[in-house]
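Chain residues, written in single-letter form:
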Amino acid sequence: MKKVNYLDGEEKKLIMSLEKDNWKPTKDIESWKTLLSQTATNTLTKDQRMNIRITKHDLDGVKLRAAEEGLPYQTLVASIIHKYVTGRLTEKQNS
């Protein structure tokens, strides 16, 4: 397999486990597909609306960062909120 340098630790562990053939087939694949499909639907369904007021400078900054990432700014804001709520948004450490 070609060496890739931009993978994080979790991705590297997954690749290593695939290469070592540690994966086993699922016995009831159809029920597993159904469960994963329902989980994805529940996770991705946006059923609430939120209105906030922020400064023009901050909104322009969010729109710029979203454009750099190639996604709508509302999606970026929703992602930031989700990462904060799930504890995956961390502060940048000053050097």
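The rules behind the values
- Residues numbered from 1 in each chain as written.
- Predicted model: local features only at pLDDT ≥ 70, side-chain atom pairs only at ≥ 80, totals over all residues.
- Heavy atoms only, no water.
- Salt bridge = Lys/Arg side-chain N within 4 Å of Asp/Glu carboxyl O.
- Helix = DSSP H or I, 4+ residues; strand = E, 2+ residues; numbered from the N terminus.
- Buried < 20%, exposed > 50% of the residue type's maximum accessible area, 1.4 Å probe, protein only.
- Axes fitted to C-alpha atoms, helices over the stretch in contact; angles between N-to-C directions.
- Parallel < 35°, antiparallel > 145°, perpendicular 65-115°, else oblique.
- Contact = heavy atoms within 4.5 Å.
- Nonpolar A, V, L, I, M, F, W, Y, C, P; charged D, E, K, R; others polar.
- Patch = residues over 30% accessible without salt bridge, like charges linked within 9 Å, V, L, I, M, F, W, Y side chains within 5 Å.
- Areas by Shrake-Rupley, 256 points an atom, 1.4 Å probe, with all protein chains shown as cover.

### Points about the pattern of salt bridges
Summed over all chains, the structure comprises 3 salt bridges. Note that Asp60 and Lys56 form a salt bridge whose closest N and O atoms lie 2.8 Å from each other. Here the residue Asp60 and the residue Lys56 both occupy positions in helix α3 (residues 56–69), the gap between them amounting to 4 residues, near one helical turn. By relative accessible area, Lys56 is classed as exposed at 62%. The residue Arg65 makes a salt bridge to Glu68 at a minimum N-O spacing of 3.9 Å.

### Looking at the environment of Tyr84
Here Tyr84 shows up in helix α4 (residues 73–85). On a C-alpha basis, the gap between Tyr84 and Ser37 in space is 24 Å, while along the polypeptide they are 47 residues apart.

### Re the packing of α3 against α4
Packing of α3 against α4 leaves a shortest axis separation of 8 Å and a crossing angle of 100°. What the angle tells us is that α3 and α4 run roughly perpendicular. Facing Leu59, Val62, Lys63, Arg65 and Ala66 of α3, the residues of α4 in contact are Tyr73, Leu76 and Val77. When the residues that make up the contact of α3 with α4 are grouped by side-chain class, the tally is 6 nonpolar, no polar and 2 charged.

### Describing a nonpolar patch on the surface
A cluster of nonpolar side chains, namely Met50, Ile52, Ile54, Ile80, Ile81, Tyr84, Val85 and Leu89, defines an oily patch on the protein surface of about 820 Å² accessible area. Mapped onto the elements, Ile80 comes out in helix α4. Ile80 sits in the partly exposed class, given a relative accessible area of 37%.

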